[in-house]
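What follows is the residue order along each chain.
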Amino acid sequence: MPLVTEGCINYALRDPASKPQLVASNNRFCRFLEEYCPVVTETYYPTIWCWEGRVQTLLRPFITSRPQVQYRNELIKTADGGQISLDWFDNNDSLYYPDASTRPTVLLLPGLTGTSRESYILHMIHQSETLGYRCVVFNNRGIAGEDLLTPRTYCAANTEDLEAVIHHVHSLHPSAPFMAAGVSMGGMLLLNYLGKTGRDTPLMAAAIFSAGWNVFESVESLEKPLNWLLFNYYLTTCLQSSISRHRQMLEKLFDMDLVMKVCENISSGLAGCCFPNADIVPYLNSVLQARTVREFDKQFTSVMFGYPTIDDYYEDASPCRKLKSVGIPVLCLNSVDDVFSPGHAIPVETAKQNANVALVLTSCGGHIGFLEGIWPRKCTYMDRVFKQFVQAIFEHGNKFFSM
C-alpha cells in the first residue's frame, strides 16, 4: 500500500505552526478549495501549551465547549428487523433556507463509540446552524440508548446501515442538497461506503476527519505502551460496556444451533478459533476480558460479521484500499501526529491517483483535536475546515462541478 513519503512527514514536522499540506491531483479541486475553502491553505497555529498530538487528543473533549442542540429523534427499521437511531437538527428557524424541502442537509457520522452528544458533533451542528443548514446524526446500533432489536451491532467495514440511512434521508428530502461528514471510524465507514458506491450515491460530496486509513497500522500504533495506557484500554472498555448492556440480546446470536449453521457456510477455522465449544457465557466473558481493541475485534467484531480471521476484517475495514473508487469530491483532514492514524499510513500516493480526493495534512492536531488559540474553547481548526467546505459545496458547488 503506498504510504506517505518521508519528505511529506519532514515537511509537516518542521514547525508546529505551519501551513497544512494540500494533496490533490485535480487542479480544479485545488483552485476551488483555495477560493472557497481557504482555511486549508492558511497557517494552522496549534495551541502552544498543548500542541503535541496525544495531549490535543486527550484535552479536546474537556476544553471545547458543548453548544446546546435540541434534537428530534427518529428510529428507523432495518431489513433484518433492527433499528437505527437518527438525531435530527431540523433548523426550522433557518433564515437562508426557510423552505424545508430544499434546505441543505448534512449527515454526520460520529466515531467508534461516539453519539450525537459528542462535542465535535455539536460544534459541526452549531456551524451548520449559522449557515442555515439541516443536520442529521447517524448513531450506530445500540450506542445512543436505544435497544438492540436483533443480535447485531456495527463495524467499520459493513456499510448496510449507512446505505439504509442515506436512502432514508434522501427519500424524505429528495430536492435538498445532501452531503456527509464522518469523524474517526465514522469517516472510515463513509469512505468505505463511497468506495463501494462510486458515483452511485445521492451525496454531492463528503468531508472526512481523522480517519484511520490502515487499520493494521492503527491498532499497532495504539498498542504501544503509552498509547495503550492513554487510549486503547479506555476504548476497549467502552466497547465492552455496550456488549454488557445488550448481552441478553447478543446471546441469541450465539445459540449453538445457529452457530453450527453459520460455521457450515464459512471456513472451518472460524468455528475452531472464534466460536466456543461450550456455553456462550464463558465466551462472552472472554470478550469482556479483552485488553485491547485488537483482542475485542478478534473475539467479537470479526466473528459477528462473518470474517474468517481478524486480518480479513481489518483488510476490508481499511479505507486506503477503496480510495481509488471514490466517485464524488471528498476532503480529508488528518494530522500526521495522530496515534490513531499514524502519518506513515496516510495513502498520499493513492489519493493522487483519484481526482475526486483532496488530503489536508497538518503537522499537529492529534486525533479529532486541532485545537488553536490560547484558550481553544469555542472553535477548532477542524470546525473551520468543516464549515468552509460544506458552505463551499452547497453555495458554490455548481462552479466546481461545471469546471
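Quick caveat, the model's predicted, so the values are computed rather than measured.

### Concerning the sheet that holds strand 4 (residues 105–109)
Stage number 1. With mixed pairing, the 9 strands of this open sheet are ordered in space as 1-9-8-7-6-4-5-3-2. Because the sheet does not close on itself, it has two edges, and the strands there are strand 1 (21–23) and strand 2 (72–77). Strand-to-strand twist in this sheet, taken as the mean axis angle between neighbours without regard to direction, amounts to 20 degrees.
Stage number 2. Across 3 bridges, strand 1 lies against strand 9 (residues 357–362) in antiparallel orientation. When the sheet's bridge partners are listed, Val23 is paired in strand 9 with Leu359.
Stage number 3. Together, strand 4, strand 5 (134–139), strand 6 (178–183), strand 7 (206–209) and strand 8 (330–335) form the strand contacts of helix 6 (residues 185–197), whose direction differs from that of strand 6 by roughly 135 degrees.

### With respect to the packing of helix 3 (residues 53–63) against helix 8 (residues 225–245)
Stage number 1. Running from amino to carboxyl end, helix 3 crosses helix 8 at an angle of 10 degrees, the nearest separation of the two axes being 11 Å. With respect to helix 8, the axis of helix 3 lies roughly parallel. Where helix 3 abuts helix 8, its residues Arg54, Thr57 and Leu58 lie against Leu226, Asn227, Leu230 and Phe231.
Stage number 2. Broken down by class, the residue content of the contact of helix 3 with helix 8 amounts to 4 nonpolar, 2 polar and 1 charged.

### What to know about the pairing of strand 6
Stage number 1. Within strand 6, 6 of the 6 residues are buried, which leaves it mostly tucked inside the rest of the structure.
Stage number 2. Residues Phe178, Ala180 and Gly182 of strand 6 are buried on one face, and the alternating residues Met179, Ala181 and Val183, pointing to the opposite face, are buried as well.
Stage number 3. Across 5 bridges, strand 4 lies against strand 6 in parallel orientation. By the bridge assignment for strand 6, Leu108 is matched with Ala181.
Stage number 4. For the handedness criterion, the β-α-β arrangement of strand 6, helix 6 and strand 7 is classed as right-handed.

The rules behind each value
- Residues numbered from 1 in each chain as written.
- Predicted model: local features only at pLDDT ≥ 70, side-chain atom pairs only at ≥ 80, totals over all residues.
- Heavy atoms only, no water.
- Pairing = 2+ DSSP bridges.
- Helix = DSSP H or I, 4+ residues; strand = E, 2+ residues; numbered from the N terminus.
- Axes fitted to C-alpha atoms, helices over the stretch in contact; angles between N-to-C directions.
- Contact = heavy atoms within 4.5 Å.
- Parallel < 35°, antiparallel > 145°, perpendicular 65-115°, else oblique.
- Nonpolar A, V, L, I, M, F, W, Y, C, P; charged D, E, K, R; others polar.
- Buried < 20%, exposed > 50% of the residue type's maximum accessible area, 1.4 Å probe, protein only.
- Right-handed = clockwise from strand over helix to strand, strands pointing away.

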